[in-house]
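Descriptive analysis of the structure
Chain by chain, the residues run as shown.
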Amino acid sequence: MTDVKTNEFVTLGRRDMLRATSAALVAGVAGTTTPASAATGTSMSPAARNAAPLGARLQGVQHFGLTVQNMERAFEFYTQVLGGTEVFRHGDFQGDPVQNTLLADQEIRANDLHVNPATIGVPNLRDGDQRLDVRFVQFDNVVIELLQYRNANEPMGGPNSFAPPLENMSPAFPRMMHICFYVRDDVDFNQFIADLEAESARRGMTQVRANRTIRLRSEADRRAAPQDTNTNKVTVAPSDGWELIYCKGPEGEQLEFVKALGPVKQRFANALAGRQRTRAGL
């Protein structure tokens, strides 16, 4: 089993596996499709491409990865609640090449600290004590990869991860990331947030709680807040037209939901158009 998975990982290569999702190259909040010639620079020869600046060798952002504790719960949220589409799933990754590709830097850190790698959250995929499973979920303009590191005796998709989840998930921590979803212009944002919370609660996902624009002292205060306090509407340039809310996902991950209207939408569109013109000339 170990040899099969190791050889499979080497043959496919992680980059090839990720490219297989065929994520649409649609540019962020501007809401416009990137022309193929601008996005890929098809007029450039391979030799010129490999000598070009690093930015000219990219096609864009392919996916965001999220390590989860409970794979099925996270998958349900991103597909059934938020409407993403599964691209494919792959799992039981183990072996030396996998360990080296994903975790070499953390093993070096453990050696420098003179500690067992497991004490800083490093699984032993090398010998198969732990395994890695992934699922790719496609949205209109980006892919989210869900990852679960589990002990070998735990089933795929189960609720138990190898490492415990982080307890403090403040967005103020350096290295903390968030996933931002773009809400359609004609959607009632306040109603969207209310429905998101209600649907998540119906599924037992009690972590899915959005902030409010007023000061709160308790969870009871948050639940009792008027619906029109769901959305923060920015009126000061250059962010005027930006509407947003911060929300925790079912794994405690930081999410953001936004609308970009009026002036700020135009600024994104102008920036995208300028980028496309520049890349078309490369």
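Each chain has its residues counted from 1, running along the sequence as written. Local features are withheld for residues below a pLDDT of 70 in this predicted model, meaning they are given only at 70 or higher, and side-chain atom pairs are given and counted only at 80 or more; totals for whole chains, interfaces and linings count all residues. Side-chain metrics in this entry use all non-hydrogen atoms of the structure; hydrogen atoms and water are not considered.

1. Some remarks on the overall build of the chain
Here is the rule we go by: Each helix is a run of H or I in the DSSP string that is no shorter than four residues. Each strand is a run of E no shorter than two, and both are numbered from the N terminus. The buried label applies to any residue whose accessible area, calculated with a 1.4 Å probe on protein chains only, is under 20% of its type's maximum; exposed applies above 50%, and partly exposed to all values in between. All accessible-area figures derive from a Shrake-Rupley calculation using a 1.4 Å probe, and residue coverage is judged against the displayed protein chains alone.
Along the backbone of the chain there are nine helices and ten strands. Expressed as a percentage of its 282 residues, the buried residues of the chain come to 39%. With the model as given, the accessible surface of the chain reaches about 15,700 Å², and the carbon-plus-sulfur share is 53%.

2. So, the pattern of salt bridges
What counts here: Criterion for a salt bridge: a side-chain nitrogen of Lys or Arg within 4 Å of a carboxyl oxygen of Asp or Glu.
Scanning the model with the defined rule gives 19 salt bridges in all. Across the pair Arg203 and Glu76 runs a salt bridge, and its minimum N-O distance is 2.6 Å. Pair noted here: Arg203 is in the loop between α7 (189-202) and α8 (219-224) and Glu76 is in helix α5 (residues 71-81), with a separation of 127 residues, a long-range link. What makes Arg203 partly exposed here is its relative accessible area of 23%. Residue Glu76 is classed as partly exposed on the basis of its relative accessible area of 23%. For Glu197, the salt bridge goes to Arg222, with nearest N and O atoms at 2.6 Å. Separated by 25 residues along the polypeptide, Glu197 in helix α7 and Arg222 in helix α8 bring together distant segments of the chain.

3. Considering the nonpolar core
In globular proteins that are soluble, nonpolar side chains generally tend to be buried together. The cut-off we apply is this: Nine residue types can take part in a nonpolar core, namely buried Ala, Val, Leu, Ile, Met, Phe, Trp, Tyr and Cys, and a core is a set of them joined through side-chain atoms within 4.5 Å. The contact rule is simple, with two residues in contact once any of their heavy atoms fall within 4.5 Å.
In terms of nonpolar packing, the biggest core is built from 26 residues, with Phe77, Tyr78, Leu82, Leu146, Phe181, Leu196 and Phe257 touching the most fellow members. At the level of elements, α5, β6 (143-151), β7 (178-182), α7, β9 (242-248) and β10 (254-260) are the ones that each hand at least two residues to this core. Sorting elements by how many residues they give to this core places α5 first, with six residues. Not counting residues up to four positions away in its chain, the partners in contact with Phe257 are Leu82, Phe181, Val183, Phe189, Phe192, Leu196, Glu243, Leu244, Ile245 and Cys247. By size, the runner-up hydrophobic cluster in this structure holds twelve residues, among which are Val122, Phe136, Tyr149 and Phe162.

4. Some remarks on α5
Short version of the rule: Pairing of N or O atoms within 3.5 Å defines a polar contact, subject to two protein rules: one partner must be a possible hydrogen donor and the other a possible acceptor, and residues neighboring in sequence count only if both atoms are side-chain atoms.
If you check which residues of α5 are buried, you get Met71, Ala74, Phe75, Phe77, Tyr78, Thr79 and Val81. By the N-cap criterion, in which a side-chain oxygen at the helix start approaches the backbone nitrogen of a residue two or three places on, α5 is capped by Asn70, the distance to Glu72 being 3.3 Å. Of the residues trailing α5, Gly83 is marked for its positive phi of about 85°.

5. Some remarks on the pairing of strand β5 (residues 130-138)
Definition in use: Strand pairing is assigned whenever DSSP detects at least two bridges linking the two strands.
Burial analysis of β5 places nine of its nine residues in the buried class, which makes it a mostly covered element. Burial along β5 is two-sided: the residues Gln130, Leu132, Val134, Phe136 and Gln138 and Arg131, Asp133, Arg135 and Val137 are all buried. The pairing of strand β4 (residues 85-93) with β5 spans six bridges and is classified as antiparallel. Along β5, the bridge assignment pairs Glu86 with Val137. Counting the residues in the hairpin turn of β5 and β6 gives four residues.

6. A short note on the packing of aromatic side chains
Just so we agree on the cut-off: Any two of the Phe, Tyr and Trp rings considered here, Trp counted by its six-membered ring, make a pair once their centres fall within 6.5 Å; the pair's planes then place it as stacked at under 30 degrees, edge-to-face at over 60, or tilted in between. Any Lys NZ or Arg CZ found within 6 Å of a ring centre and within 35 degrees of that ring's normal is scored as a charge over the ring.
Following the criterion strictly, the structure yields eight aromatic pairs and no others. Both rings, one in Phe189 and one in Phe192, keep their centres 6.5 Å apart while their planes meet at 65°; by these two values the pair is edge-to-face. Taken together, the positions of Phe189 and Phe192, both in helix α7 and three residues apart, correspond to about one turn of that helix. Residue class for Phe192 comes out partly exposed when judged on its relative accessible area of 25%. What links up through ring pairs into an aromatic cluster is the set Phe77, Tyr78, Phe139, Phe181, Phe189, Phe192 and Phe257. The ring of Phe75 carries the charged tip of Arg89 above its face, separated from the ring centre by 5.1 Å. The ring of Phe75 is capped by Arg135, whose NZ or CZ atom sits 4.9 Å from the centre of that ring.

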